[in-house]
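Observations on the model geometry
Okay, here's what each chain looks like letter by letter:
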Amino acid sequence: MDPPARPYKIPESVLVVIHTPALDVLLIERADKPGFWQSVTGSKDRLDEPLVETCIREVAEETGIAIGSAAVPRAALRDWQLANLYEIYPVWRHRYAPGVTHNTEHVFGLTVPAGIPVRLNPREHLRYEWLPWQAAADRCFSPSNAEAVLHLPRFTSPPTPPA
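Residues numbered from 1 in each chain as written. Predicted model: local features only at pLDDT ≥ 70, side-chain atom pairs only at ≥ 80, totals over all residues. Heavy atoms only, no water.

Structural notes on the overall build of the protein
Scanning the protein from terminus to terminus reveals 4 helices and 7 strands. In terms of overall size, the protein behaves like a compact globule, its C-alpha atoms giving a radius of gyration of 16 Å where 163 residues would be expected to give roughly 15 Å. In terms of its C-alpha atoms, the protein occupies a principal-axis envelope of roughly 65 × 35 × 30 Å. Here the protein holds 163 residues, and the buried ones make up 40% of them. Sequence separation of 24 or more characterises 68% of the internal contacts of the protein that already satisfy a separation of 6 or more. With an accessible surface of roughly 9100 Å², the protein has 58% of that area assigned to carbon and sulfur atoms. Distance between charge centroids for the protein: 1 Å, based on 16 positive and 19 negative side chains. (Helix = DSSP H or I, 4+ residues; strand = E, 2+ residues; numbered from the N terminus. Rg over C-alpha atoms; globule rule 2.2 N^0.38 Å. Buried < 20%, exposed > 50% of the residue type's maximum accessible area, 1.4 Å probe, protein only. Contact = heavy atoms within 4.5 Å. Areas by Shrake-Rupley, 256 points an atom, 1.4 Å probe, with all protein chains shown as cover. Lys, Arg positive; Asp, Glu negative; His and termini not counted. Charge placed at Lys NZ, Arg CZ, Asp CG, Glu CD.)

Things to note about the pattern of salt bridges
Evaluation of the coordinates by the stated rule reveals 12 salt bridges. Measuring nitrogen to oxygen at the nearest pair gives 3.9 Å for the salt bridge that ties R57 to E61. In this pair, R57 and E61 both sit in helix 1 (residues 51-63), 4 residues apart, roughly one turn of the helix. Overall, R57 belongs to the buried group, its relative accessible area being 17%. E61 sits in the partly exposed class, given a relative accessible area of 37%. Connected through salt bridges with shared partners, the residues D45, E49, R57, E58 and E61 form a single ionic network. (Salt bridge = Lys/Arg side-chain N within 4 Å of Asp/Glu carboxyl O.)

Details of the packing of aromatic side chains
A full pass over the atoms with the stated rule returns 5 aromatic pairs. Between the aromatic rings of W80 and F155, the centroid separation amounts to 4.5 Å while the plane-to-plane angle is 5°, which identifies the pairing as stacked. Here W80 is found in strand 5 (residues 77-87), whereas its partner F155 is found in helix 4 (residues 152-156), with 75 residues between them in sequence. In this structure, W80 and F155 share a single accessibility class: buried. Seen in terms of ring centroids, Y89 and F141 are 5.8 Å apart; in terms of plane orientation they differ by 40°. Their pairing is tilted. Residue Y89 is found in the loop between strand 5 and strand 6 (102-111), and its partner F141 is found in the loop between helix 2 (133-139) and helix 3 (143-150); the two are separated by 52 residues along the sequence. By relative accessible area, Y89 is classed as partly exposed at 33%. Among the aromatic residues, those joined into a cluster by ring pairs are F36, Y89, W92 and F141. The ring centre of W37 lies 5.2 Å from the NZ or CZ of R139, which sits over that ring. (Phe/Tyr/Trp six-rings, centres within 6.5 Å; stacked < 30°, edge-to-face > 60°. Lys NZ or Arg CZ within 6 Å of the ring centre and 35° of its normal.)

A look at the side chain of Q38
In this structure, Q38 sits in strand 3 (residues 37-38). There is a polar contact of 3.2 Å between the side chain of Q38 and the side chain of T41. If sequence neighbours within four positions are ignored, Q38 has contacts with L26, L27, I28, R30, E62, H125, F141 and N145. (Polar contact = N/O pair within 3.5 Å; in protein donor to acceptor, adjacent residues only side chain to side chain.)

What about the pairing of strand 6?
Here strand 6 lies mainly inside the structure; 7 of its 10 residues are buried. Pairing analysis gives 9 bridges linking strand 5 to strand 6, with the strands arranged antiparallel. Along strand 6, the bridge assignment pairs L85 with T104. (Pairing = 2+ DSSP bridges.)

Some details on the environment of T20
Relative to the elements of secondary structure, T20 occurs in the loop between strand 1 (12-19) and strand 2 (24-30). Taking C-alpha positions, T20 is 12 Å from P117, a pair spaced 97 residues apart along the chain.

Structure (structure tokens):
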């Protein structure tokens, strides 16, 4: 008997830029494409899944970091109110329903303490690295991921007091 077919991925996802207060960014190397470094990404599991729930699930699955723990409170996750519409790389289109060519990616930032343990899922990622934000942006294979990392200082700097 054949195993059940995997359901198609939903073309709506999250990108979570995980960083320390000093703006060092966590990047992970894809197991299916060695040399492709990225932030945590992942699609919604169901159409009505809240994006915050997608972030919490994907960060835990891909890094072992528990959002909502004492070390990483829920408030450490911020919705940057940015969305990228991009063409899905042809190598990954088979994961989506026929005719689906674009994905909407919602960008979040997650502040974590320096030295937080990272536990990769070896089926998904080979290695991880903490890099200063500019170097992390240069390392990202995805232009939308690089652009999100370049926004990091804007979303982490304290608000400017009125003059």
